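What the coordinates show
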Amino acid sequence: MNAKSVILEARKQGRATLDEFAGKRLLASFGVPVPKSLVIQDATEAMAACGKLKLPLVLKVVSPDILHKSDAGGVKVGLRNAVEVEEALRAMMKHSEIESARIDGFLLEEMAPAGLEIVVGGLRDPQFGPLVMVGLGGIFVEVLADVSFRICPITRLDAGEMLDELKGAVLLRGARGRNPVSREAIVDVLLKVGGEKGLMMTHGEDIAEADINPIIVSEHAAVAVDARFVLTQPKN
């Protein structure tokens, strides 16, 4: 499914945001690597779904009412077989916030390789138009606010300069015995989001905010393991 179809489908459903599965389809349509995943509706579908994915797996609740899935008990990682997926799903449904929410299903996906967490984002500024952002991901973006912005479209040179501006740039090169991560993989994601033919330039009128966090970057690749997109208000 292409980007336009993903956005149109969400608008037809009256949604103001894309759920994680739709958000990852949007990223994949621009060539951003995402984990292979399936949406299941209940524990009875776990066995068939596990047979189509590479273990271990991650299970996440999909709900328009739950913004922070982890805080609500809606994320379980390291599931090694269908039995563990079934048990995790049933336990997840017992969390009070999930039990009272509208549930669209459960996202079951392959775990990404270990690496450094970064965030790439985008927004539409009333004055400057589409912007792209990069920073250290996970809790670091909230605690340290170590981020760099540029007006779209960016070039490969711009993307490299954005990474160099980060206070935590040393972590990309490897620190305290850690392996360096692929700057080139991060630059590629930045260009696919904020480059001349990137997401924010070609579909910026539809996207008010993009939050791809975290992207797990290893020595050779960058994989977007979570994504949130807020759509612009439809024009009358």
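See the structure printed just above.
First, a word on what this report is: a plain description of the structure on this page. Every value quoted in this text rests on a predicted model; they were computed, and no experiment measured them.

Remarks on the side chain of Lys-24
- Mapped onto the elements of the fold, Lys-24 is located in helix 2 (residues 20-29).
- Using a relative accessible area of 3% as the deciding quantity, one classes Lys-24 as buried.
- When neighbours within four sequence positions are excluded, Lys-24 is seen to be in contact with Val-34, Pro-35, Lys-60, Leu-107, Glu-109, Ala-224, Val-225 and Asp-226.

Observations regarding helix 4 (residues 82-92)
- Those residues of helix 4 lying buried are Ala-82, Glu-84, Val-85, Ala-88, Leu-89 and Met-92. When helix 4 is viewed along its axis, its buried side chains cluster within an angular range of 160° and face the same direction.
- Check the buried side of helix 4 and you find it contacts strand 2 (37-40), helix 3 (46-50), strand 3 (57-62), strand 4 (75-79), helix 5 (96-99) and strand 5 (105-110).
- A distance of 3.2 Å separates the backbone nitrogen of Val-83 from a side-chain oxygen at the start of helix 4, and that oxygen is part of Asn-81.

So, the sheet that holds strand 2
- Pairing is antiparallel across the open sheet formed by 4 strands, whose spatial order is 2-5-3-4. Both edges of this open sheet fall to strand 2 and strand 4, since each of them pairs with a single strand only. Direction aside, the axes of adjacent strands within the sheet are offset by 20° on average.
- As paired elements, strand 3 and strand 4 share 3 bridges and run antiparallel to each other.

So, how was this worked out
- Residues numbered from 1 in each chain as written.
- Predicted model: local features only at pLDDT ≥ 70, side-chain atom pairs only at ≥ 80, totals over all residues.
- Heavy atoms only, no water.
- Helix = DSSP H or I, 4+ residues; strand = E, 2+ residues; numbered from the N terminus.
- Buried < 20%, exposed > 50% of the residue type's maximum accessible area, 1.4 Å probe, protein only.
- Contact = heavy atoms within 4.5 Å.
- Arc of directions from axis to C-beta.
- Polar contact = N/O pair within 3.5 Å; in protein donor to acceptor, adjacent residues only side chain to side chain.
- Pairing = 2+ DSSP bridges.
- Axes fitted to C-alpha atoms, helices over the stretch in contact; angles between N-to-C directions.

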